[in-house]
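Secondary and tertiary structure notes
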Amino acid sequence: MLEVKAIEAVYGQGAPVLRGLSLRVPTGRIVALLGANGAGKTTTLRAIAGLLPFERGRLTAGTIALDGRRVDGVAPHRLARRRLVAVPEGRRLFTDLTVDDNLRAAAWALKGRRARPPGGIDAVYQLFPLLAARRNHRAGYLSGGEQQMLAIGRALLTEPSVMLLDEPSLGLAPRLREEVFTGIARINRDRGVSILLVEQNAVLALDIARYGYVIEQGRVVLEGRVADLKANPDVRDAYLGSATGR
Amino acid sequence: MEFLLEISLVGLAVGGVYGLIGLGYVIVYRATRIVNFAHGNIMMFGAYCYFTGAAVLDLPWWAALPLAVTATALLGTAVERLLLRPLEGRSQTVAVMATFGLAAVLHGLVQLLWSARDVFMPPIFAQQPIVLGAMYIPANTGYGALLALAAVGVFLVLFRVTNLGLAMRATASDQVAASSLGINVPAMFNVTWACAAATAALAGVVVGSITTLNPNMGRIGLSVLAVVILGGLDSLAGAILAGLIVGWLEAVTGFYLGASYKDVVPFLVLLTILMVRPHGLLGAPRVERL
Ligand SMILES: Nc1ncnc2c1ncn2[C@@H]1O[C@H](COP(=O)(O)OP(=O)(O)O)[C@@H](O)[C@H]1O
Ligand SMILES: [Mg+2]
């Protein structure tokens, strides 16, 4: 279980971006994090994944715990060893390395620190067959959908128990979007990985999630089971507008 | 014709040594985006370490050389840990300035510990010139180039083939992603600096054998930096290619036009190439604020 309690975060000397945000991701669940552009979704993921220092940001209050142990302030590479992994905004592939080398680098990083060595590169190719056909291509030359699959597959090789995903559907064609989301659902179902899913596309997110949070200006304004969120008139107006029109 | 060939071979040999020096700039730049202005003086430090082992402690070359490489790699480790890691999060310009400071400190330290005068390095290679048909290649230059090329080869294999090299390339490509996946990024920077310093030590021994040893030897590092910019600061192959081109041009213009042209012509060529290709021969286009 990932438990975020009343965190506040700032970038540089700026005003607080997160203002007392709390959320929970129970073990084995998919939880959606929704909100308008600039609400603080990416910042929330960065805070959990220990990535704020890379952006000259920091936590100024609150706690983050993974299975009861505090993880706020822990460096990202140590979080990976505690089985928490982020697929950050913008995918951040090793663009000048091949698909295979992207996966090998991820598999190597934690080798020897796991009882069972990851070695699961083939499992990633099975999950996303499109990648297998591109294994010797440079990651920078992949299509948006393939890049997203590689980013997720690479994170999977750290054998996470919790995965943070930042807008996996961004910029993808509908068919690839489906494929990526099917992959995410399978990772959760087959491997029991808990997932915190940030999405602009609420229709997609609420399709695979169990529980959801809506944030505005750095704090949670609404939370609930997906069925309840879907029925909520505010959510329908703000996030599911296209769905009602379909 | 024979002459041109001989001159060319000597030039390429010197160019190979430039390539080895250039490699050190590139591996640090690729990983950290820092142009290391202390590289020339780290090279000099390595040469003095070899001198100490071989001349002062009277060790055979096969003991003095690994000793010098290890000592210099440790210096590289210390530079990363004690000078650059505390500057983490500050602008790149601050880190580059710090390397200027380091260059000055090393320059002073070497004069303090050893001497400001020229000293001769005990020969590391056999001293008979290399004879190829009718051509003579000076021993130190010829064998020095072979050592340099072997070192370049070893490091390319390290980067291209080993898992550690893969992790270093991944880190150079995207620190945030590498870190998220469990790669210890500061440790990778540390290894990178150690590798760069190790190549510098080898280059220092070769350069010291070809010329003599004095505290100003590090200046060659600055000329090679220009060569590396020609190759593309982020390209290993570019550094080696550019090293060979400049070494060859220096030798040929020096012979046919006279020594005073030797320094001018290669840099005119360099400027011309940079006007056509601002990112160097093989460098990737990227905006750099230095
Ligand atoms: N690297 C950064 N440096 C400074 N401010 C940032 C940075 N990233 C995001 N912000 C600011 O923080 C706020 C929340 O942004 P973000 O977390 O990216 O929102 P979302 O992902 O919900 O669109 C915005 O006002 C944005 O301008
Ligand atoms: Mg965002």
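Residues numbered from 1 in each chain as written. Chains lettered and ligands numbered in written order. Predicted model: local features only at pLDDT ≥ 70, side-chain atom pairs only at ≥ 80, totals over all residues.

1. Concerning the interface of chain B and chain A
Stated precisely, the cut-off is as follows: Here contacts are defined at the residue level, using C-beta atoms placed from the backbone and a cut-off of 7 Å between them. Going along the chain from the N terminus, every DSSP run of H or I of four or more residues is numbered as a helix, and every run of E of two or more is numbered as a strand.
Listed per partner, the contact involves 17 residues of chain B and 26 residues of chain A. Among the secondary structure elements, those contributing two or more residues to the side of chain B that touches chain A are α6 (163–173) and α7 (175–180) of chain B. The dominant element in the side of chain B that touches chain A, judged by the number of residues it contributes, is α6 of chain B, at six residues.

2. Quick look at the site of ligand 1
Residues and elements named next belong to chain A. Counted only if it meets this: Residue proximity rests on one test: whether the C-beta atom, placed from the backbone, lies within 6 Å of the molecule or strand. Classification used: nonpolar for Ala, Val, Leu, Ile, Met, Phe, Trp, Tyr, Cys and Pro, charged for Asp, Glu, Lys and Arg, polar for all others including Gly.
In the neighbourhood of ligand 1, the contacting residues comprise Y11, G14, V17, G35, N37, G38, A39, G40, K41, T42, T43 and E55. Ranked by the residues each element gives to the shell around ligand 1, the list is headed by helix α1 (residues 41–49), at three residues. Residues belonging to the shell around ligand 1 are distributed by class as follows: three nonpolar, seven polar and two charged.

3. Some thoughts on the nonpolar core
Operational definition: For this entry, the nonpolar core is defined as buried Ala, Val, Leu, Ile, Met, Phe, Trp, Tyr and Cys residues connected by C-beta atoms within 7 Å. For the exposure call, what matters is how many other C-beta atoms sit within 10 Å of a residue's own: 20 or more marks it buried, 12 or fewer exposed, and in between partly exposed, using C-beta atoms placed from the backbone.
Ranked by size, the top nonpolar core spans 175 residues in total, and within it L197 of chain A together with V17, A47, Y50, L202 and A203 of chain B carry the most contacts. With sequence-adjacent residues up to four places away left out, V17 of chain B is seen in contact with G144, A145, A148, A203, V206 and V207 of chain B.

4. Topic: the environment of P53 of chain A
Among the structural elements, P53 of chain A can be located in the loop between α1 and β4 (57–66). P53 of chain A sits in the partly exposed class, given 16 other C-beta atoms within 10 Å. Distance in space between the C-alpha atoms of P53 of chain A and A75 of chain A is 9.3 Å, their sequence separation being 22 residues. Sequence-distant contacts of P53 of chain A, that is, excluding residues within four places in its chain, are made with R58 of chain A together with G89 of chain B.

5. Section: the packing of helix α10 (residues 236–257) of chain B against helix α12 (residues 264–276) of chain B
All names here are of chain B. Put simply, the test is: Only the stretch in contact is used when fitting a helix axis, every axis being a line fitted to C-alpha atoms; angles between N-to-C directions are given from 0 to 180 degrees. Angle categories are assigned with fixed cut-offs, so that under 35 degrees is roughly parallel, over 145 is roughly antiparallel, 65 to 115 is roughly perpendicular, and the rest are oblique. Left-handed describes a crossing whose near helix is turned anticlockwise from the far helix by less than a right angle; the clockwise case is right-handed.
As a packed pair, α10 and α12 sit with axes 8 Å apart at the nearest point and diverge in direction by 140 degrees. When the interaxial angle is binned, α10 and α12 end up oblique. In the crossing of α10 with α12, the sense of the turn from one axis to the other is right-handed. Residues V246, L249, E250 and T253 of α10 pack against V265, P266 and V269 of α12.

6. Regarding the sheet that holds strand β10 (residues 219–225) of chain A
Residue and element names in this part refer to chain A. So the rule is basically this: Pairing between strands is defined by DSSP: at least two bridges between them are needed.
Pairing within the open sheet is mixed, and its six strands lie in the order β6-β7-β8-β3-β9-β10. Every interior strand has two partners, whereas the edge strands, β6 (84–87) and β10, have only one. Here the average twist between neighbouring strands, direction ignored, is 15 degrees. Across six bridges, the pairing between strand β9 (residues 211–216) and β10 is antiparallel. Residue pairing for β10: Y213 is matched across the bridge by E223.

7. Some details on the packing of helix α1 (residues 2–32) of chain B against helix α8 (residues 185–210) of chain B
All names here are of chain B. Two elements in contact, α1 and α8, have axes whose closest approach is 9 Å; the angle formed by their N-to-C orientations is 165 degrees. The angle between α1 and α8 falls in the class roughly antiparallel. The two elements α1 and α8 meet at a crossing, and its hand is left-handed. Residues V17, L20, I21, L23, G24, I27, V28, A31 and T32 of α1 touch α8, and the partners they reach there are M188, F189, T192, W193, C195, A196, T199, A200, L202, A203, V206 and V207. Among the residues making up the contact of α1 with α8, the classes are represented as 17 nonpolar, four polar and no charged.

8. Digging into the pairing of strand β2 (residues 18–25) of chain A
In terms of strand pairing, strand β1 (residues 2–11) of chain A meets β2 of chain A through six bridges, oriented antiparallel. Residue I7 of chain A lies in a different strand from β2 of chain A, and its bridge partner there is L21 of chain A.

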